[in-house]
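Chain and residue survey
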Amino acid sequence: MKKRCALCLGVILVLLGQPAVWAETTSAQSVRIAIVNVATLLDNAPQSKAADAKLKVDFVPREKKLDAEQNAIQQLEDELASRNEAGSLPEEEKVQRQRELRDLQRKYTREMEDFREEVRTARDAAIDALQAGIIQAIGEVREQEKIDLVLRESNYIVASDRIDITNKVMQHLEQKFQAQTALVAPVPAAAPSPAK
């Protein structure tokens, strides 16, 4: 029994000694830690604003068309209701118009569901691309600044502004966006030379 207790005590002492050795070896190396507010980057990065603008260009015209269709359907409903109340609508024409109205409403409902699905899919793809770009930019800033660990804003309780690299990452994203738009921007055509 005494041998077992001595063995357990020896194991505990060895285990207690190991973290102390580990702490000594790591304290000789400096570890740089930073934080970044990803939500701020997602909201304010120029890539985010460009993605929003592209979604609007792609989908606002179709949304306006659907709104116009909805207004036309509402006008047909109102006209049918008013003519029905006035008694100026023969029963056969009433049935025909109600059928046409139901067909228009079904068509509108399908188009609206398709539209919403396409908008959701496009928005999700844009957000995924934006998040991937932000993560890449954070990694690039981390390498430039020789940071060992970057924590997201939701993974810490309190931190000093000194280690917040959100602004550096935002500047990096802005530089990348400007470089990208400079490559995509059309080159103005040279003015024709005057004829001699």
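Conventions and cut-offs
- Residues numbered from 1 in each chain as written.
- Predicted model: local features only at pLDDT ≥ 70, side-chain atom pairs only at ≥ 80, totals over all residues.
- Heavy atoms only, no water.
- Axes fitted to C-alpha atoms, helices over the stretch in contact; angles between N-to-C directions.
- Helix = DSSP H or I, 4+ residues; strand = E, 2+ residues; numbered from the N terminus.
- Parallel < 35°, antiparallel > 145°, perpendicular 65-115°, else oblique.
- Left-handed = near helix turned anticlockwise from the far one by under 90°.
- Nonpolar A, V, L, I, M, F, W, Y, C, P; charged D, E, K, R; others polar.
- Contact = heavy atoms within 4.5 Å.
- pLDDT = per-residue confidence, 0-100.
- Salt bridge = Lys/Arg side-chain N within 4 Å of Asp/Glu carboxyl O.
- Buried < 20%, exposed > 50% of the residue type's maximum accessible area, 1.4 Å probe, protein only.
- 1 Å grid on protein atoms, 1.4 Å probe; cavity = no way out; pocket = protein on both sides within 12 Å on 5 of 7 lines; lining within 4 Å.
- Points joined across faces, edges and corners; volume = space filled by probe spheres on them.
- Core = buried A, V, L, I, M, F, W, Y, C linked by side-chain atoms within 4.5 Å.
- Phe/Tyr/Trp six-rings, centres within 6.5 Å; stacked < 30°, edge-to-face > 60°.
- Expected span 1.5 Å × (residues − 1).

Bringing the packing of helix α3 (residues 46-86) against helix α4 (residues 91-145) into the picture now. Relative to each other, α3 and α4 sit at 170°, their axes nearing to 10 Å. Looking at the two axes, α3 sits roughly antiparallel to α4. Between α3 and α4 lies a crossing whose hand is left-handed. When its residues are assigned to classes, the contact of α3 with α4 shows 16 nonpolar, 6 polar and 13 charged.

Let us look at the packing of α4 against helix α5 (residues 166-184). Two elements in contact, α4 and α5, have axes whose closest approach is 9 Å; the angle formed by their N-to-C orientations is 115°. It follows that α4 is roughly perpendicular to α5 by the angle criterion. Considering the relative orientation of α4 and α5, their crossing is right-handed. Note on element contacts: α5 touches α4 through Lys 168, Val 169, His 172, Leu 173 and Lys 176, opposite Gly 133, Ile 134, Gln 136, Ala 137, Ile 138, Glu 140, Val 141, Gln 144 and Glu 145. A per-class count over the contact of α4 with α5 returns 6 nonpolar, 4 polar and 4 charged.

Our next topic: the confidence of the model for the protein chain. Here the protein chain shows a mean pLDDT of 82. Residues at 70 or above account for 80%. The low-confidence segment residues 1-27, where pLDDT is below 50, has 0 contacts with residues more than four positions distant or belonging to other chains.

According to the stated counting rule, one finds 12 salt bridges in the structure shown. Between Arg 83 and Glu 93 there is a salt bridge whose closest N-O contact spans 3.4 Å. Highlighted residues: Arg 83 in helix α3 and Glu 93 in helix α4, separated in sequence by 10 residues. Judged by its relative accessible area of 25%, Arg 83 is partly exposed. Look at Glu 93 and you get partly exposed, because its relative accessible area is 26%.

Over the atoms rolls a probe the size of a water molecule, and in doing so it shows where empty space is left. Approximately 330 Å³ is the volume attributed to the largest pocket. In terms of lining, the largest pocket is formed by 15 residues, of which the most central are Gln 47, Ala 50, Leu 130, Phe 177 and Gln 180. For the lining of the largest pocket, the elements supplying multiple residues, two or more each, are α3, α4 and α5. Broken down by class, the residue content of the lining of the largest pocket amounts to 9 nonpolar, 5 polar and 1 charged.

So, about the nonpolar core. Core analysis: the largest hydrophobic core is formed by 15 residues, its most contacted members being Val 36, Leu 41, Ile 134, Ile 138, Ile 165, Val 169 and Leu 173. Only β1 (33-36), α2 (38-44), α4 and α5 provide two or more residues apiece to this core. If sequence neighbours within four positions are ignored, Leu 41 has contacts with Val 36, Ile 134, Ile 138, Thr 166, Val 169, Met 170 and Leu 173. Listed in part, the 11 residues of the second largest apolar core include Leu 80, Tyr 108, Met 112 and Phe 115.

With the rule as written, the count across this model stands at 1 aromatic pair. Centroid distance Phe 59 to Phe 115: 6.0 Å. Interplanar angle 70°. Geometry classified as edge-to-face. Here Phe 115 lies in helix α4 and Phe 59 lies in helix α3, a separation of 56 residues in the sequence. Judged on exposure class, the residue Phe 59 and its partner Phe 115 are both buried.

Moving on to α4. Over its 55 residues, α4 extends 79 Å from the first C-alpha to the last, a length consistent with the 81 Å expected when each residue adds 1.5 Å. Of all the positions in α4, only Lys 94, Leu 101, Tyr 108, Met 112, Phe 115, Val 119, Leu 130, Ile 134, Ala 137, Ile 138 and Val 141 are classed as buried. In this structure, the buried side of α4 is in contact with β1, α2, α3, β2 (149-152) and α5. Remark: Lys 146 follows α4 within two positions and exhibits a positive phi of approximately 55°.

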